[in-house]
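Next come the chains, spelled out residue by residue.
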Amino acid sequence: MEVGNFLTFIRFKNTTIVVLYVALFSSLITRLINSNELVLVVLSNILAIWAIYGFNDLEDAKLEPGLKKREKFIHKNMVLNGKIPENFAAVSIVILAALSLIVASAIGFLNVYAILSILIIGFLYSSRYVRLKSKPPLDVLSHAIIGPLIPFGIFLNAGLNALFLVTLASFFLGSLVPEILNQRYDYSLDRKNNIRTTVQLLGKTLSLKLIMLLAFAIIALNGIVFFLYGGSNLLLIYLLMSPLLIMFLHRRVRQLLE
C-alpha cells in the first residue's frame with residue numbers, strides 16, 4: 001500500500017489546511033495564544049477528522065457496491081477501488097479516533113467532549129445503520145455542525161462571549177456551503193442513482209439561491225467578528241477587501257473548497 005493512497009483515504013491535504021486555519025484563527029481572536037495548547041488542539045482535531053473521513057470511505061465501500069460503476073467514487077474512495085484493504089482501513093480509523101481523544105485529554109475535558117462530538121456526528125453521518133448523509137436536511141446540518149466544534153474547546157477555555165459566538169456561527173455556515181456545493185456537483189449522478197440529498201429536494205436553482213444567501217450571511221457575520229475584535233478601523237479594512245470574495249464565484253475555486 002502506498003503512502004499516497006492512505007493520505008487520500010484521510011483527505012490529508014484539504015482536512016489539514018481547514019483545521020489549521022480554523023484553529024489558528026480561533027486562537028488569534030481569543031488573544032490568549034498558547035503554542036502548546038494550539039498544537040494539541042490542531043492535532044486532536046486533525047486526527048478526529050481523518051478518522052471520520054476514513055470511516056465514510058469504509059462505509060461507502062461496504063454499503064454501496066453500486067458505486068463501483070461511478071468513476072468519481074472509484075477514484076476518490078481508496079477502499080472501494082481496492083487500494084486500501086478494509087481491515088487496514090478499520091484498524092486505522094480506530095487508532096486515529098483513539099489518538100484524537102488521548103491528545104484532547106491532555107488539554108482538558110472540554111476538548112475531549114468537543115472531539116468526541118466530532119467523532120459521534122461523523123460516524124453517524126456515514127454509518128450504514130444511521131446514515132445521516134441520506135436523510136435531508138440532516139445530511140448538510142450534521143456536516144455543518146462539525147465546523148464550529150473544531151474551535152469550540154478553544155473558546156470554552158477562553159470563556160464564551162459575543163465575539164466567539166458570532167465566529168462559531170460563521171464557521172457553521174462556512175461548513176454548510178461546501179456540502180451544498182458538493183451535492184450540486186453530484187446532482188445529476190445522485191438523481192440517476194436515486195440518492196436522497198438536501199439539494200435533490202431543493203433542486204439546483206433553489207439550492208444556488210440558498211448558497212448565495214449563506215455567502216452574504218457569512219460576509220456579514222465576519223464583518224461583525226472583525227468589528228468586535230478590532231473596532232471600526234478593522235471593519236473598514238475588511239469591507240474594503242471584501243470585493244475580493246468575488247473569486248469564490250469561479251467554478252475552479254468552488255471545486256477547491258470541496
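Refer to the structure presented above.
A quick note: this is a predicted structure, and the numbers were derived from the prediction, not measured. (Residues numbered from 1 in each chain as written. Predicted model: local features only at pLDDT ≥ 70, side-chain atom pairs only at ≥ 80, totals over all residues. Heavy atoms only, no water.)

Caption draft 1: Looking closely at the overall build of the protein chain. Secondary structure summary: the protein chain contains 12 helices and zero strands in total. Shown N-terminal to C-terminal, the secondary structure of the protein chain runs as helices and strands in the order α-α-α-α-α-α-α-α-α-α-α-α. By residue count, 45% of the 258 residues in the protein chain fall in the buried class. (Helix = DSSP H or I, 4+ residues; strand = E, 2+ residues; numbered from the N terminus. Buried < 20%, exposed > 50% of the residue type's maximum accessible area, 1.4 Å probe, protein only.)

Caption draft 2: The arrangement of the packing of aromatic side chains in detail. Per the stated rule, a full pass over the model turns up nine aromatic pairs. Here Phe-6 and Phe-9 contribute two aromatic rings whose centre-to-centre distance is 6.0 Å and whose plane-to-plane angle is 40°, an arrangement assigned as tilted. On the criterion of helical spacing, the pair formed by Phe-6 and Phe-9 is a turn pair, its members being three residues apart in helix 1 (residues 3-9). Plain terms: the ring middles of Phe-12 and Trp-50 are 5.6 Å apart, the flat faces sit at 35° to each other, and that makes the pair tilted. In this pair, Phe-12 is assigned in helix 2 (residues 12-30) and Trp-50 in helix 3 (residues 35-63), connecting sequence segments 38 residues apart. The class of Phe-12 is partly exposed, set by a relative accessible area of 34%. Here Trp-50 falls in the buried class, since its relative accessible area comes to 15%. The positively charged end of Arg-31 is found above the aromatic ring belonging to Tyr-229, 3.9 Å away from the centroid. (Phe/Tyr/Trp six-rings, centres within 6.5 Å; stacked < 30°, edge-to-face > 60°. Lys NZ or Arg CZ within 6 Å of the ring centre and 35° of its normal.)

Caption draft 3: Expanded view of helix 3. Here helix 3 spans 42 Å end to end across 29 residues, near enough to the 42 Å set by a 1.5 Å rise per residue. One side-chain oxygen of the residue at the start of helix 3 lies 3.0 Å from the amide nitrogen of Asn-36, identifying that residue as Asn-34. (Expected span 1.5 Å × (residues − 1). Polar contact = N/O pair within 3.5 Å; in protein donor to acceptor, adjacent residues only side chain to side chain.)

Caption draft 4: Just the packing of helix 7 (residues 138-158) against helix 8 (residues 162-185), in detail. Following both chains from N to C, one finds helix 7 and helix 8 inclined at 155°, their axes separated by 8 Å at the closest point. Considered as vectors, helix 7 and helix 8 are oriented roughly antiparallel to each other. Between helix 7 and helix 8 the crossing geometry is right-handed. Contact residues: Asp-139, Val-140, Leu-141, His-143, Ala-144, Ile-145, Gly-147, Pro-148, Pro-151, Phe-152, Phe-155 and Ala-158 in helix 7; Phe-164, Thr-167, Leu-168, Phe-171, Phe-172, Ser-175, Leu-176, Glu-179, Ile-180 and Gln-183 in helix 8. (Axes fitted to C-alpha atoms, helices over the stretch in contact; angles between N-to-C directions. Parallel < 35°, antiparallel > 145°, perpendicular 65-115°, else oblique. Left-handed = near helix turned anticlockwise from the far one by under 90°. Contact = heavy atoms within 4.5 Å.)

Caption draft 5: A nonpolar patch on the surface, seen in detail. Side chains of Leu-236, Ile-237, Leu-240, Met-241 and Leu-244 sit close together on the surface and give an oily, nonpolar patch of about 530 Å² of accessible area. Locating Leu-240 in the fold gives a position in helix 11 (residues 204-241). When its relative accessible area of 62% is taken as the criterion, Leu-240 is described as exposed. (Patch = residues over 30% accessible without salt bridge, like charges linked within 9 Å, V, L, I, M, F, W, Y side chains within 5 Å. Areas by Shrake-Rupley, 256 points an atom, 1.4 Å probe, with all protein chains shown as cover. Salt bridge = Lys/Arg side-chain N within 4 Å of Asp/Glu carboxyl O.)

Caption draft 6: The arrangement of helix 2 in detail. An ideal rise of 1.5 Å per residue puts 27 Å on 19 residues; helix 2 measures up with 27 Å between its terminal C-alpha atoms. Those residues of helix 2 that fall on the buried side of the exposure criterion are Thr-15, Thr-16, Val-19, Val-22, Ala-23, Phe-25, Ser-26, Ser-27, Ile-29 and Thr-30. Those residues of helix 2 hidden inside the fold are in contact with helix 3, helix 7, helix 8 and helix 11. Phi turns positive one or two residues past the end of helix 2, at Arg-31, with a value near 60°.

Caption draft 7: Expanded view of the nonpolar core. Residues Phe-9, Val-79, Ile-84, Ile-118, Leu-119, Leu-176 and Ile-180 are the most contacted members of the largest nonpolar core, which totals 60 residues. Where this core is concerned, the elements lending two or more residues are helix 1, helix 2, helix 3, helix 5 (86-105), helix 6 (109-126), helix 7, helix 8 and helix 11. Apart from residues no more than four positions distant in its own chain, Ile-180 is found in contact with Val-140, Val-199, Ser-207, Leu-210, Ile-211 and Leu-214. (Core = buried A, V, L, I, M, F, W, Y, C linked by side-chain atoms within 4.5 Å.)

Caption draft 8: Inspection of the pattern of salt bridges at higher detail. Counting across every chain of the model gives four salt bridges. Measuring nitrogen to oxygen at the nearest pair gives 3.1 Å for the salt bridge that ties Arg-128 to Glu-59. Of this pair, Arg-128 sits in the loop between helix 6 and helix 7 while Glu-59 sits in helix 3, and the two are 69 residues apart along the sequence. Looking at Arg-128, the relative accessible area reads 32%, which means it is partly exposed. Owing to a relative accessible area of 3%, Glu-59 belongs among the buried residues under this scheme. What you see here is one network of salt bridges that share partners, running through Asp-60, Arg-131 and Lys-133.

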